[in-house]
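Descriptive structure summary
Each chain, written out:
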Amino acid sequence: MKLGVFALQGAFIEHERAFQKLDIETVEIRRREHFSDGLDGIVLPGGESTVQGKLLREEGLFEPVKEAIEGGLPVFGTCAGLILLANKIVNDDAVHFGTMNITVKRNAYGRQLGSFKTSLNVKPLGYYPAVFIRAPYIEKIGKGVEILAEHEGKIVAARQGNMLACAFHPELTEDLRMHAYFSDIVRGAH
């Protein structure tokens, strides 16, 4: 299995380390030529969604990545990655990939100082340590979306087919179960 981790911005190295601990090969994607047909899945890490969307377009990655996701390539979006996947963003006309049937609220938990850690009941993993940093949440889901976790009544993790998205940062914990769960999605897709 080989996963492409977008290395445009954000905590991409931490994602790579988590998958490497699971003996899964990763490659960094920075330019169009790094995005190949040999990838089994991709990871859209946290960071700043507006900047990432701009860089994806500037590097010629936007259209081929969108087409690959629409074609069934498994994708794991965390924090900003969740926003990139959403088909609607509250109070923002911008839509990036728009492949996941969710409405997202950006920076829903406030500024950097509003960052926090908590334990969530994540289906199917059980209790999981979650790190939220200027996190969004999913305000509304549409057809085909399964809620995986909520925090104080707000949806913070969901799955739609081969797309997995969470508002928190599993790569910033020592718990590898979320990365292993995505690996299982990838295996099931191939």
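Calculation criteria
Residues numbered from 1 in each chain as written. Predicted model: local features only at pLDDT ≥ 70, side-chain atom pairs only at ≥ 80, totals over all residues. Heavy atoms only, no water. 1 Å grid on protein atoms, 1.4 Å probe; cavity = no way out; pocket = protein on both sides within 12 Å on 5 of 7 lines; lining within 4 Å. Points joined across faces, edges and corners; volume = space filled by probe spheres on them. Nonpolar A, V, L, I, M, F, W, Y, C, P; charged D, E, K, R; others polar. Pairing = 2+ DSSP bridges. Helix = DSSP H or I, 4+ residues; strand = E, 2+ residues; numbered from the N terminus. Buried < 20%, exposed > 50% of the residue type's maximum accessible area, 1.4 Å probe, protein only. Phe/Tyr/Trp six-rings, centres within 6.5 Å; stacked < 30°, edge-to-face > 60°. Lys NZ or Arg CZ within 6 Å of the ring centre and 35° of its normal.

1. Let's talk about empty space enclosed by the protein
Gaps left between atoms are located by rolling a probe of water-molecule size over the structure's atoms. The tally for this structure, following the rule as stated, stands at one cavity of 30 Å³ or more. Put simply, the largest cavity is a space of about 40 Å³. F6, L8, Q9, L44, P45, Q52, L56 and L84 are the residues that line the largest cavity. Partitioned by chemical class, the residues of the lining of the largest cavity number six nonpolar, two polar and no charged.

2. Concerning the pairing of strand β8 (residues 126-132)
Looking at chain direction, strand β7 (residues 116-122) and β8 are connected through seven bridges and run antiparallel. Bridging across to β8, S119 finds its partner in P129. The hairpin turn running from β7 into β8, its antiparallel successor, is three residues long.

3. Points about the layout of surface pockets
When its volume is computed, the largest pocket comes out at roughly 170 Å³. What lines the largest pocket is a set of 13 residues, among which G47, C79, N107, I133 and R134 lie closest to the centre. Of the residues assigned to the lining of the largest pocket, the class counts are five nonpolar, five polar and three charged.

4. Quick word on unusual backbone geometry
Going from K123 to P124, the amide bond is cis rather than trans, its omega being 5 degrees. Mapped onto the secondary structure, P124 falls in the loop between β7 and β8. Residue R134 is not a glycine yet carries a positive backbone phi of 45 degrees. With respect to the helices, strands and loops of the structure, R134 is situated in the loop between β8 and β9 (137-141). Its identity as a non-glycine residue notwithstanding, E152 has a phi of 50 degrees, on the positive side. Topologically, E152 is positioned in the loop between β10 (146-151) and β11 (154-160). Note on E152: relative accessible area 72%, which makes it exposed.

5. A short note on the packing of aromatic side chains
A full pass over the atoms with the stated rule returns seven aromatic pairs. Between F116 and F132, the ring centres sit 4.7 Å apart and the planes meet at 10 degrees, which makes this aromatic pair stacked. Here F132 lies in strand β8 and F116 lies in strand β7, a separation of 16 residues in the sequence. Owing to a relative accessible area of 23%, F116 belongs among the partly exposed residues under this scheme. Pairwise contacts between aromatic rings join F116, Y128, F132 and F168 into one cluster. The ring of F62 is capped by R57, whose NZ or CZ atom sits 3.9 Å from the centre of that ring.

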